[in-house]
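# Residue-level structure breakdown
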Amino acid sequence: MGAAPSHEAALGCSLNSTRLSGPSRRPFVEYCVQLERADLTWVVWRRYAEFAALQKALKPLVGEAASAFPPKLGGRHGRSPRIVLARISALELWLRRLLRTDLALRQLCLLEFVGIAGKEFCGGRVAAMELRRANRGTPPVRVEKLRAVAETGDLLLFKTRAAAPELQRVLTGSEWDHVGMVVHTDGTGHVCTARESHRVHVLHAVSDGCSLCEVERLLSCSSDYEEIALRQVHWAGRGSQCGVCLIAKWCSEVIGKPYDLTISKLILGQTNKSSLHCGSVEGSPDTAGFFCSELLAHAYQQIGVLSRERAAPGYWPKHFGRAASPPLALINGASISDEIPIEGPGPQAGT
């Protein structure tokens, strides 16, 4: 992401009340911090000392974005109505600036402060999102058996155990935070069908760029993922040499491209396709790099499976899940299966 997300993409916050807490001999003021993103709202209570600790932790990391912090006033001065009112305004402005700074939003201390990592949300929505998906209607498949059910071009969905992916899931209202494409390779390393497969890979966009990773190796640390699911993409080229050739050509064009996620790209992604030149990979300035769901959308648009009405950067992992509303706009007779749970080697990935 860029250094300063747009206001539309940022978390909103306001400080609208206070309360006295702590022992009667040494009470302190807590500030009510209300945060919101789209239809999701939650509240956390923080004292001035917690704001100050956050500022101290973030200043070396984000510089100017953490400056302009209201000074400390000791003793009863910090509890006087005049000081409290002034602090409400100053702390709110300071926190808003942080929440519009992408580098700050990547810091675990800020995620914990606003209740993302600590799950201090009201209304129970986050608790519901943390429940394992039930009644999928499809039995789980061991990763060792993936070759039998997954074809080159199928979709993998991931729910990752980490603060930043958790923030993404909350902000987008999704149970998934990462996606990748199944790619089979033969004994010579060339893209092939499942029938000819020697190894099963996932092609995805991560911090190191767009790359192939062997699925069993990726899932060997199954504790990294709460859940993993497969969705089979049924289209005219599925399991055929013609389809493999299309995907192999696309793979050769995108592998090695950098990871690229910016707020401006996400906002532009909601515009019409012509403004983003959603044509071939080569020669397009808008496909110099990809983030994970953009990469998958671009792939399916390139092979004629997904409509171009929404530009590729306009897709989040949530758009590829079963619960997406509206569902993926598939074209040319293509369809997609329900989510098939995948169990990693050793302990189950979702446990």
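Located above this text is the structure these notes cover.
Only a predicted model underlies this, so the values are computations on that prediction, with no experimental measurement involved.

## A closer look at the overall build of the chain
- Secondary structure summary: the chain contains 11 helices and 13 strands in total.
- Across the 351 residues in the chain, those meeting the buried criterion constitute 50%.
- Put simply, of all contacts in the chain between residues at least 6 apart along the chain, 67% involve residues at least 24 apart.
- With the model as given, the accessible surface of the chain reaches about 16300 Å², and the carbon-plus-sulfur share is 54%.

## A look at helix 9 (residues 241–254)
- Here helix 9 spans 20 Å end to end across 14 residues, near enough to the 20 Å set by a 1.5 Å rise per residue.
- Here helix 9 has its buried residues at Gly243, Val244, Ile247, Trp250, Cys251, Glu253 and Val254.
- In the core, the buried residues of helix 9 are packed alongside strand 6 (178–185), strand 7 (191–192), strand 8 (199–206), strand 9 (209–214) and helix 11 (292–302).
- After helix 9 finishes, the residue Gly256 shows a positive phi value of roughly 95°.

## Considerations on the nonpolar core
- Judged by nonpolar contacts, the single largest core of 33 residues is most densely connected at Leu155, Met181, Trp250, Leu295, Tyr300 and Phe320.
- Listed by contribution, the elements that provide at least two residues to this core are strand 5 (155–160), strand 6, strand 8, helix 9 and helix 11.
- Take this core: its biggest share by element is 6 residues, from helix 11.
- Core analysis: the second largest hydrophobic core is formed by 29 residues, Phe51, Leu58, Ile88 and Val114 among them.

## Things to note about the environment of Ser337
- Along the chain, Ser337 falls in the loop between strand 12 (335–336) and strand 13 (340–343).
- Assessed through its relative accessible area of 13%, Ser337 is described here as buried.
- On a C-alpha basis, the gap between Ser337 and Val233 in space is 6.6 Å, while along the polypeptide they are 104 residues apart.
- Beyond its immediate sequence surroundings of up to four residues, Ser337 is in contact with Leu230, Arg231, Gln232 and His234.
- A polar atom in the side chain of Ser337 sits 2.8 Å from the backbone nitrogen of Gln232.

## Section: the packing of helix 1 (residues 48–62) against helix 2 (residues 81–99)
- Remark: helix 1 packs on helix 2, axes separated minimally by 12 Å, with the N-to-C direction vectors making an angle of 35°. Crossing of helix 1 against helix 2: the hand is left-handed. Where helix 1 abuts helix 2, its residues Tyr48, Phe51, Leu54, Gln55, Leu58 and Val62 lie against Arg87, Leu91, Trp94, Leu95 and Leu98.
- Tallied by class, residues from the contact of helix 1 with helix 2 come to 9 nonpolar, 1 polar and 1 charged.

## What about the packing of aromatic side chains?
- Applying the stated criterion across every chain, the model contains 9 aromatic pairs.
- Pairing Tyr48 with Phe69 gives two aromatic rings, centres 5.6 Å apart and planes at 35°, and the pair type is tilted. Taken together, the residues span a long stretch of sequence, with Tyr48 in helix 1 and Phe69 in the loop between helix 1 and helix 2 at a distance of 21 residues. Side by side, Tyr48 and Phe69 carry an identical accessibility label, which is buried.
- Taking the centre distance of 4.9 Å and the plane angle of 70° together, the rings of Phe51 and Phe113 count as edge-to-face. Pair noted here: Phe51 is in helix 1 and Phe113 is in helix 4 (residues 108–113), with a separation of 62 residues, a long-range link. Accessibility assignment for this pair places Phe51 and Phe113 in one class, buried.
- Taken together, the ring pairs connect Tyr31, Tyr48, Phe51, Phe69, Trp94 and Phe113 into an aromatic cluster.
- Positioned above the aromatic ring of Phe113, the side-chain terminus of Arg46 is 5.4 Å from the ring centre.
- Positioned above the aromatic ring of Tyr315, the side-chain terminus of Arg310 is 5.2 Å from the ring centre.

## Let's talk about the pattern of salt bridges
- Summed over all chains, the structure comprises 9 salt bridges.
- For Glu144, the salt bridge identified is with Arg142, shortest N-O distance 3.7 Å.
- Its relative accessible area of 36% is what places Glu144 among the partly exposed residues.
- Salt-bridge contacts for Arg238 lead to Asp154; the nearest nitrogen and oxygen are separated by 2.5 Å. Residue Arg238 is found in the loop between strand 11 (233–234) and helix 9, and its partner Asp154 is found in the loop between helix 6 (146–149) and strand 5; the two are separated by 84 residues along the sequence.
- Looking at Arg238, the relative accessible area reads 24%, which means it is partly exposed.
- The class of Asp154 is buried, set by a relative accessible area of 0%.

Parameters and conventions
- Residues numbered from 1 in each chain as written.
- Predicted model: local features only at pLDDT ≥ 70, side-chain atom pairs only at ≥ 80, totals over all residues.
- Heavy atoms only, no water.
- Helix = DSSP H or I, 4+ residues; strand = E, 2+ residues; numbered from the N terminus.
- Buried < 20%, exposed > 50% of the residue type's maximum accessible area, 1.4 Å probe, protein only.
- Contact = heavy atoms within 4.5 Å.
- Areas by Shrake-Rupley, 256 points an atom, 1.4 Å probe, with all protein chains shown as cover.
- Expected span 1.5 Å × (residues − 1).
- Core = buried A, V, L, I, M, F, W, Y, C linked by side-chain atoms within 4.5 Å.
- Polar contact = N/O pair within 3.5 Å; in protein donor to acceptor, adjacent residues only side chain to side chain.
- Axes fitted to C-alpha atoms, helices over the stretch in contact; angles between N-to-C directions.
- Left-handed = near helix turned anticlockwise from the far one by under 90°.
- Nonpolar A, V, L, I, M, F, W, Y, C, P; charged D, E, K, R; others polar.
- Phe/Tyr/Trp six-rings, centres within 6.5 Å; stacked < 30°, edge-to-face > 60°.
- Lys NZ or Arg CZ within 6 Å of the ring centre and 35° of its normal.
- Salt bridge = Lys/Arg side-chain N within 4 Å of Asp/Glu carboxyl O.

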